[in-house]
4 protein chains.
Amino acid sequence: MATQEFDGLVQTLGMETVRASADEVVLEWTVGPQHHQPMGIVHGGVHCSAIETACSIGASISARERDPRIAAVGLENHTSFIRAVRSGRLRVIARPITRGRTTQVWEAEIRDEGERVIATGRVRLLCVARDAALG
Amino acid sequence: MATQEFDGLVQTLGMETVRASADEVVLEWTVGPQHHQPMGIVHGGVHCSAIETACSIGASISARERDPRIAAVGLENHTSFIRAVRSGRLRVIARPITRGRTTQVWEAEIRDEGERVIATGRVRLLCVARDAALG
Amino acid sequence: MATQEFDGLVQTLGMETVRASADEVVLEWTVGPQHHQPMGIVHGGVHCSAIETACSIGASISARERDPRIAAVGLENHTSFIRAVRSGRLRVIARPITRGRTTQVWEAEIRDEGERVIATGRVRLLCVARDAALG
Amino acid sequence: MATQEFDGLVQTLGMETVRASADEVVLEWTVGPQHHQPMGIVHGGVHCSAIETACSIGASISARERDPRIAAVGLENHTSFIRAVRSGRLRVIARPITRGRTTQVWEAEIRDEGERVIATGRVRLLCVARDAALG
């Protein structure tokens, strides 16, 4: 498990959890060349990944607080790209829209150090038994 | 430019272009721990990134064929997760829905080696002057 | 029930079922002023409604064939507008991407009489006990 | 033009503008059988339509204030259904996320009289010359 945490996508992309609860999740990362698309701006997939990560962490905490055997898995990710960014430190903040027993919806916003919105998105997640596969 | 290509997100995630034209783009990658979320399945952000990449490559080729000064930048990425996957080789295929002068819509599907659908998504892109920032 | 069918949104918008099964649903309607937005083109909400309807009918048939007590309710609707249209007869065709026990994903395309794509979309649905509310 | 306003989708669905500016748009409507799907709950297409309408009105006002020859047309509508509703008065509030010269993104939320969230969505719009067709 320690190995997985060390090796996963979040670590590959250098995203760090600032704080995480069932009400709000905040991650930060410093943009580097490993986040770029060929034109030298942050690849849209990085923003999708940050939004997916932050929403999933929040939904998982919320699901687990209700029942430790339950996990939340993403069903749909919808991300809108607002402003191109090349460098600097980015922050994603995710908050719940609904935390039902069956599904949850979280939304997240990525901002730069000047508080400008870079991307914004929404993730619908399904609450499943921790050992079940995504159906 | 060579450095950027070496360093970018697509290389970080190990995605390889199998073929690319204005009509179809195919990428492949082998799943490793760097693609996982904490439960050991491929992180949704990886699927979003593959779909974003394949659609962007196709839209850029199409835009450039029409006018070499034009690039295509992503506006919206919508990805649906269909089936969890832990390992193996994945393939994303993107094809255009519309290739207008102002915007394009591409859709993409990720399948595993058994041809099962893993994820499917759609990207709306804006055609902009190659040196303009995303507005 | 007859009253509901007579009175519902689908009847308000004049959409007619051409055929419907767990594998494919086809609806048609003739564009009139009641479908327009102020500029005289078909309102995007009409396309969303057609896509939502076609996908929901298919998912409900599929869910019911598996278990008559189960209904499918929409979780997410994502619609891309491809081409403006002012008049004529439109047709929406929906087909399943996945028909799991818990959720389904259907995609649908709207075409005009010249077979041009007008809009395309995707609906994620949740399979619920027929008498349960959306959670 | 008066005829169009009288006849359009917004009038068909009985949606009334409470207030509208480039910063916020509010519409309301009273649920009736014409909004229902066969199970007697409000059809998802009604929520998509309300969100599309509110976001489009706001984006059009914003575009026109910048240049009266410009209109805003919807590219993508993404709506999440949060809670089923059968009756009562609903209100949609739309606010801008970005109002660029080329594209805009607005988000909107539908609430019932008890301030519960019923649906939430986002619309990406393209700013085009008022007489141009959607490309």
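Residues numbered from 1 in each chain as written. Chains lettered and ligands numbered in written order. Predicted model: local features only at pLDDT ≥ 70, side-chain atom pairs only at ≥ 80, totals over all residues. Heavy atoms only, no water.

This part takes up the overall build of chain A. Counting its regular elements, chain A contains three helices and six strands. In chain A, the order of α-helices and β-strands from amino to carboxyl end is α-α-β-β-α-β-β-β-β. At 15 Å, chain A has a C-alpha radius of gyration in line with the 14 Å of a compact globule built from 135 residues. Its C-alpha atoms give chain A principal-axis dimensions of about 45 × 30 × 25 Å. Within the span of chain A, comprising 135 residues, buried residues form 59% of the whole. Put simply, 64% of the contacts in chain A that link residues at least 6 apart link residues at least 24 apart. Entry remark: accessible area of chain A is about 5500 Å², with carbon and sulfur atoms responsible for 49%. (Helix = DSSP H or I, 4+ residues; strand = E, 2+ residues; numbered from the N terminus. Rg over C-alpha atoms; globule rule 2.2 N^0.38 Å. Buried < 20%, exposed > 50% of the residue type's maximum accessible area, 1.4 Å probe, protein only. Contact = heavy atoms within 4.5 Å. Areas by Shrake-Rupley, 256 points an atom, 1.4 Å probe, with all protein chains shown as cover.)

Pairing between the strands of a sheet comes from backbone hydrogen bonds, and it takes one of two forms, parallel or antiparallel. The strand order across the open sheet formed by 12 strands is β1(A)-β2(A)-β4(A)-β5(A)-β6(A)-β3(A)-β3(B)-β6(B)-β5(B)-β4(B)-β2(B)-β1(B), and the pairing between neighbours is antiparallel. Taken across any chain shown, the strands that pair with only one partner, and hence form the sheet edges, are β1 (16-20) of chain A together with β1 (16-20) of chain B. On average, adjacent strands in this sheet sit at an angle of 20° to one another, irrespective of strand direction. Alignment of strand β5 (residues 103-111) of chain A against strand β6 (residues 117-129) of chain A, held across nine bridges, turns out to be antiparallel. Along β6 of chain A, the bridge assignment pairs Glu109 of chain A with Thr120 of chain A. Relative to strand β3 (residues 70-81) of chain A, helix α3 (residues 44-66) of chain A is tilted by about 150°, and along the sheet it contacts β1, β2 (25-30), β3, β4 (89-99), β5 and β6 of chain A together with β3 (70-81) of chain B. Sheet contacts for helix α3 (residues 44-66) of chain B: β3 of chain A together with β1, β2 (25-30), β3, β4 (89-99), β5 (103-111) and β6 (117-129) of chain B; angle to β3 of chain B, the most-contacted strand, approximately 150°. (Pairing = 2+ DSSP bridges. Axes fitted to C-alpha atoms, helices over the stretch in contact; angles between N-to-C directions.)

For the rest of this paragraph, the subject is unusual backbone geometry. The phi dihedral of Glu115 of chain B falls on the positive side, at around 65°, and the residue is not glycine. By the element assignment, Glu115 of chain B lies in the loop between β5 and β6.

Laying chain B over chain D is done by rotating through 180° and shifting 0.0 Å along the axis; what remains is an RMSD of 0.0 Å. As the rotation angle and translation indicate, the two copies are arranged about a two-fold axis. When C-alpha positions in chain B are compared against the rotation axis, the closest is assigned to Glu76 of chain B, at 4.1 Å. (Least-squares fit on C-alpha atoms with pLDDT ≥ 70 in both.)

Next up on the list: the sheet that holds strand β6 (residues 117-129) of chain C. Ordered in space as β1(C)-β2(C)-β4(C)-β5(C)-β6(C)-β3(C)-β3(D)-β6(D)-β5(D)-β4(D)-β2(D)-β1(D), the 12 strands form an open sheet in which the pairing is antiparallel. Two strands in the sheet have a free side with no partner beyond their single neighbour: β1 (16-20) of chain C together with β1 (16-20) of chain D. Sheet twist, expressed as the mean angle between neighbouring strand axes with direction ignored, is 20°. Along the sheet, helix α3 (residues 44-66) of chain C contacts β1, β2 (25-30), β3 (70-81), β4 (89-99), β5 (103-111) and β6 of chain C together with β3 (70-81) of chain D; its crossing angle with β3 of chain C, the most-contacted strand, is approximately 150°. Of the strands in this sheet, β3 of chain C together with β1, β2 (25-30), β3, β4 (89-99), β5 (103-111) and β6 (117-129) of chain D are in contact with helix α3 (residues 44-66) of chain D, which crosses β3 of chain D at around 150°.

Let us now look at the relation of the copies chain B and chain A. With an RMSD of 0.0 Å, the fit of chain B onto chain A corresponds to turning through 180° and sliding 0.0 Å along the axis. Both copies contact each other with a shared surface, as 100% of the interface residues of chain B are interface residues in chain A too.

All names here are of chain D. Take Arg111: it is sitting in strand β5. When its relative accessible area of 27% is taken as the criterion, Arg111 is described as partly exposed. Residues Arg111 and His78, spaced 33 residues apart in sequence, show a C-alpha to C-alpha distance of 17 Å. Contacts of Arg111, omitting those with residues within four sequence positions, involve Arg89, Leu90, Arg91, Arg116, Val117 and Ile118. Of the polar contacts made by the side chain of Arg111, one reaches the side chain of Glu109; its length is 2.9 Å. (Polar contact = N/O pair within 3.5 Å; in protein donor to acceptor, adjacent residues only side chain to side chain.)

Within the secondary structure layout, Thr98 of chain B lies in strand β4. Taking the relative accessible area as the measure of exposure, Thr98 of chain B reaches 13% and is therefore buried. In contact with Thr98 of chain B, not counting residues within four places along its chain, are Thr103, Gln104 and Val105 of chain B together with Ile82 of chain C.

Each partner contributes residues to the interface: chain B has nine residues there, and chain D has nine residues. Of the roughly 850 Å² buried at the junction of chain B and chain D (both faces included), carbon and sulfur atoms supply 59%. Here chain B and chain D share two salt bridges between them. Run the count over chain B and chain D and you get four residue pairs in polar contact (both at pLDDT 80 or more). (Buried area = accessible area lost by both parts, 1.4 Å probe. Salt bridge = Lys/Arg side-chain N within 4 Å of Asp/Glu carboxyl O.)

This part takes up α3 of chain C. In this model, α3 of chain C (23 residues) spans 33 Å end to end at C-alpha, consistent with the 33 Å of a helix rising 1.5 Å per residue. Across the 23 residues of α3 of chain C, 19 count as buried, placing the element largely inside the fold. (Expected span 1.5 Å × (residues − 1).)

The next thing to look at is the state of the cysteines. In total, this model carries zero disulfides over all chains according to the counting rule given. A disulfide-free cysteine, Cys48 of chain C has its sulfur positioned 4.4 Å from the sulfur of Cys48 of chain D, the nearest such atom. (Disulfide = S-S within 2.5 Å.)

Further remarks concern the interface of chain B and chain A. Across the boundary between the two partners, chain B contributes 37 residues, which contact 37 residues of chain A. Counting each side, the surface lost to burial between chain B and chain A is near 3000 Å², with a carbon and sulfur contribution of 61%. Per-residue buried area on chain B facing chain A is highest for Leu9, Met39 and Phe81 of chain B; these three make up 19% of the total on that side. Taken together, chain B and chain A are joined by zero salt bridges. Looking at the side of chain B that touches chain A, the elements with two or more residues in it are α1 (2-7), α2 (9-12), α3 and β3 of chain B. Ranked by the residues each element gives to the side of chain B that touches chain A, the list is headed by β3 of chain B, at nine residues. Bridge count between β3 of chain A and β3 of chain B: five bridges; the pairing is antiparallel. Note that in β3 of chain B the partner of Thr79 of chain A across the bridge is Asn77 of chain B.

A full pass over the atoms with the stated rule returns 48 salt bridges over all chains. The partner of Glu24 of chain C in a salt bridge is Arg19 of chain C, with the nearest N and O atoms 3.0 Å apart. Two residues, Arg99 of chain D and Asp23 of chain D, come together in a salt bridge whose shortest N-O distance is 2.8 Å. With a gap of 76 residues between them, Arg99 of chain D in strand β4 and Asp23 of chain D in the loop between β1 and β2 connect regions that are remote in the sequence.

Turning to the packing of α3 of chain C against α3 of chain D, a few remarks are in order. Running from N to C, α3 of chain C and α3 of chain D point in directions that differ by 160°, and their axes come no closer than 8 Å. With respect to their mutual orientation, α3 of chain C and α3 of chain D come out roughly antiparallel. By crossing handedness, the relation of α3 of chain C to α3 of chain D is classed as right-handed. From α3 of chain C, Gly44, Gly45, Val46, Cys48, Ser49 and Glu52 of chain C reach across to α3 of chain D, where they touch Gly44, Gly45, Val46, Cys48, Ser49 and Glu52 of chain D. (Parallel < 35°, antiparallel > 145°, perpendicular 65-115°, else oblique. Left-handed = near helix turned anticlockwise from the far one by under 90°.)

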